[in-house]
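This is what each chain is made of:
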Amino acid sequence: MVEARKTKSVGKKTIKDYIDVINWKKWEAHHLNWLYIEINANDLLTELEAGVSNITVASKAMLECMLEGDLFLFEPKTKSRVSKKLTIRYYCDNLSESRKKYEL
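Reading the values: the criteria
Residues numbered from 1 in each chain as written. Predicted model: local features only at pLDDT ≥ 70, side-chain atom pairs only at ≥ 80, totals over all residues. Heavy atoms only, no water. Helix = DSSP H or I, 4+ residues; strand = E, 2+ residues; numbered from the N terminus. Contact = heavy atoms within 4.5 Å. Areas by Shrake-Rupley, 256 points an atom, 1.4 Å probe, with all protein chains shown as cover. Salt bridge = Lys/Arg side-chain N within 4 Å of Asp/Glu carboxyl O. Buried < 20%, exposed > 50% of the residue type's maximum accessible area, 1.4 Å probe, protein only. Axes fitted to C-alpha atoms, helices over the stretch in contact; angles between N-to-C directions. Parallel < 35°, antiparallel > 145°, perpendicular 65-115°, else oblique. Left-handed = near helix turned anticlockwise from the far one by under 90°. Nonpolar A, V, L, I, M, F, W, Y, C, P; charged D, E, K, R; others polar. Phe/Tyr/Trp six-rings, centres within 6.5 Å; stacked < 30°, edge-to-face > 60°. Lys NZ or Arg CZ within 6 Å of the ring centre and 35° of its normal.

## Focus on the overall build of the chain
Then comes step 1: Within the chain, the regular secondary structure consists of 3 helices and 3 strands.
Then comes step 2: Secondary structure of the chain in N-to-C order comes out as α-β-α-α-β-β.
Then comes step 3: Counting contacts in the chain only where the partners sit at least 6 residues apart, residues at least 24 apart contribute 66% of the total.
Then comes step 4: Of the accessible surface of the chain, which amounts to about 7,400 Å², a share of 52% is contributed by carbon and sulfur atoms.

Have a look at this one:
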């Protein structure tokens, strides 16, 4: 008799998980002396959780990581700005703690 093993399902990533990845990408770009990186919400979601519907968390994390001077390459028209098309250019030349958060 073969017993079926229960596999522990992996939960969706959290905003903190996404923020950690975005900040890691920014620091990597900074150390490579890149001026900026561009991140698209759908690409980020696919990279971290392919096939999972978690675009709200990915979008909110991207918005949370914006600093003064960063800009929208595609800004959704919705008030929440949640969209697979959300695309942000993060400038990586100055990642100082003193740099102000982007005001939404």
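## Considering the pattern of salt bridges
Then comes step 1: For the structure on display, the rule yields 6 salt bridges.
Then comes step 2: With a shortest N-O distance of 3.0 Å, D20 and K16 are connected by a salt bridge. Placement of both D20 and K16 in helix α1 (residues 15-31) is noted, with a separation of 4 residues, approximately one turn of the helix.
Then comes step 3: Look at K16 and you get exposed, because its relative accessible area is 54%.
Then comes step 4: For R89, the salt bridge identified is with E38, shortest N-O distance 2.4 Å. Of this pair, R89 sits in strand β3 (residues 87-91) while E38 is found in strand β1 (residues 36-40), placing the two residues 51 residues apart along the sequence.
Then comes step 5: Judged by its relative accessible area of 18%, R89 falls in the buried class.
Then comes step 6: Judged by its relative accessible area of 41%, E38 is partly exposed.

## Some remarks on the packing of α1 against helix α3 (residues 55-64)
Then comes step 1: For the pair α1 and α3, the least separation of the axes is 8 Å and the interaxial angle reads 50 degrees. As judged from the angle between their axes, α1 and α3 are oblique. The handedness of the crossing between α1 and α3 is right-handed. Here I15, Y18, I19 and I22 of α1 lie close against α3, whose contacting residues are V57, A58, K60, A61, M62 and E64.
Then comes step 2: Of the residues that constitute the contact of α1 with α3, the class distribution is 8 nonpolar, no polar and 2 charged.

## Observations regarding the packing of aromatic side chains
Then comes step 1: Enumeration according to the criterion identifies 1 aromatic pair in this entry.
Then comes step 2: With 5.8 Å between their ring centres and 65 degrees between their planes, Y36 and Y91 make a pair best called edge-to-face. Residue Y36 is found in strand β1, and its partner Y91 is found in strand β3; the two are separated by 55 residues along the sequence.
Then comes step 3: Under the relative-accessibility criterion, Y91 is labelled buried at 19%.
Then comes step 4: The cationic tip of R89 hangs over the ring face of Y36; the distance from NZ or CZ to the ring centre is 4.0 Å.

## What about unusual backbone geometry?
Then comes step 1: One non-glycine residue, N33, adopts positive backbone phi at about 60 degrees.
Then comes step 2: Here N33 shows up in the loop between α1 and β1.
Then comes step 3: Overall, N33 belongs to the exposed group, its relative accessible area being 71%.
Then comes step 4: Unlike most non-glycine residues, R81 shows phi in positive territory, near 65 degrees.
Then comes step 5: Among the structural elements, R81 can be located in the loop between β2 (71-74) and β3.

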